[in-house]
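# Structural characterization, general
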Amino acid sequence: MPVTWWWVRHGPTHAKNMVGWRDLPADLSDTAALARLADHLPESAAVISSDLIRAAATADAIGNGRTRLPHHPDLREFHFGEWDGLGWQEVSDRDPDLSRAFWETPGDHVAPGGESWNQLSARVSGVVDGLNGAGHGNIIAVAHFGVILTQIARAGGMSAYDALGHKIDNLSVTRLHWDGAVWSVGDINHLP
């Protein structure tokens, strides 16, 4: 059965440093933006989210009576490990070679105490593959920047480096379609 994935990035946290598995809340005060987002998404969709509060609360805010699937920990953001909470310059000063490789040649480079692009991609793709056969024609997945980029790379047949070049705004929608055999990319970073 074909499935259209409507990837939504959670509401803003306003953090100015690296945020991975730290459980920061989202600012959901822009009710007009949330209403536009909810209205843009298909009514017949099932809704799933990361178990981090910023994604789960955003999913609840746009649910509008849609079928709510349980939060899923494998839809969490990159696990930045020891980098979580540090500023970009702090990470670069601390681990200059690794931090450069992590972003410029993503794949198997692992954040200290965290994970690599390939590990993130594998865990997210496992959730997607499991739900592709669950009988939902539309799935709204509220998740995170890195999570969404792994699926853009997968659907678009692009490298991790190329996927990382995409902007994914808070409360934006990225639409990817699985026809049962082949992925295709619709909108990326659409702001309703």
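See above for the structure.
All of these numbers come straight from a predicted model, not from anything done at the bench.

Another point: the pattern of salt bridges. All told, the structure shown has 10 salt bridges when counted by the stated rule. The partner of Glu82 in a salt bridge is Arg94, and the shortest N-O contact between them spans 2.2 Å. Remark: Arg94 occurs in helix 3 (residues 88-94) and Glu82 occurs in the loop between strand 3 (67-68) and helix 3; sequence separation between them is 12 residues. Judged by its relative accessible area of 39%, Arg94 is partly exposed. We note a salt bridge from Asp129 to Arg154, for which the minimum N-O separation is 2.4 Å. With Asp129 in helix 5 (residues 117-132) and Arg154 in helix 6 (residues 145-156), this residue pair connects regions lying 25 residues apart in the sequence. Accessibility expressed as a relative area gives 28% for Arg154, which makes it partly exposed.

Turning our eyes to something else, we now look at the pairing of strand 4 (residues 138-143). The element strand 4 is extensively covered by neighbouring structure, given that six of its six residues are classed as buried. In strand 4, alternate side chains face the same way, and those of Asn138, Ile140 and Val142 on one face and Ile139, Ala141 and Ala143 on the other are all buried. Sheet topology note: the strand 1 (residues 3-9)/strand 4 ladder contains six bridges and is parallel. Looking at strand 4, one finds that Trp7 is bridged to Ala141. Relative to strand 4, strand 2 (residues 46-49) is paired through four bridges, and the arrangement is parallel.

Moving on to the sheet that holds strand 5 (residues 173-178). Read across the sheet, six strands follow the order 3-2-4-1-5-6 without closing on themselves; strand pairing throughout is mixed. Only two strands of the sheet have a single partner each, and these edge strands are strand 3 and strand 6 (183-185). Of the pairings in the sheet, the one linking strand 1 to strand 5 comprises six bridges and is antiparallel in character. Its bridge partner being in strand 5, Thr4 is matched across the sheet by His177. Running at roughly 140 degrees to strand 1, helix 5 makes contact with strand 1, strand 2, strand 4, strand 5 and strand 6 of the sheet.

Let's shift gears to the environment of Leu75. Tracing the backbone shows Leu75 in the loop between strand 3 and helix 3. When neighbours within four sequence positions are excluded, Leu75 is seen to be in contact with Trp7, Ile48, Ser49, Ser50, Arg123, Val124, Val127, Ala143, His144 and Val147.

This next bit is on the packing of aromatic side chains. The tally for this structure, following the rule as stated, stands at 11 aromatic pairs. Measuring from centroid to centroid gives 6.2 Å for Phe80 and Trp103, while their planes differ by 50 degrees, and the two rings are tilted. Within this pair, whereas Phe80 is found in the loop between strand 3 and helix 3, its partner Trp103 is found in helix 4 (residues 96-104), the two being separated by 23 residues in sequence. With centroids separated by 5.3 Å and ring planes inclined at 45 degrees, the aromatic side chains of Trp178 and Trp183 adopt a geometry described as tilted. Accessibility classification places Trp178 together with Trp183 in one group, the buried group. Feature note: the residues Phe78, Phe80, Trp83, Trp88, Phe102, Trp103 and Trp117 constitute an aromatic cluster, connected by ring pairs. In this arrangement the basic side chain of Arg76 is found over the ring face of Trp21, its NZ or CZ atom lying 4.9 Å from the centre.

What counts as what
Residues numbered from 1 in each chain as written. Predicted model: local features only at pLDDT ≥ 70, side-chain atom pairs only at ≥ 80, totals over all residues. Heavy atoms only, no water. Salt bridge = Lys/Arg side-chain N within 4 Å of Asp/Glu carboxyl O. Helix = DSSP H or I, 4+ residues; strand = E, 2+ residues; numbered from the N terminus. Buried < 20%, exposed > 50% of the residue type's maximum accessible area, 1.4 Å probe, protein only. Pairing = 2+ DSSP bridges. Contact = heavy atoms within 4.5 Å. Axes fitted to C-alpha atoms, helices over the stretch in contact; angles between N-to-C directions. Phe/Tyr/Trp six-rings, centres within 6.5 Å; stacked < 30°, edge-to-face > 60°. Lys NZ or Arg CZ within 6 Å of the ring centre and 35° of its normal.

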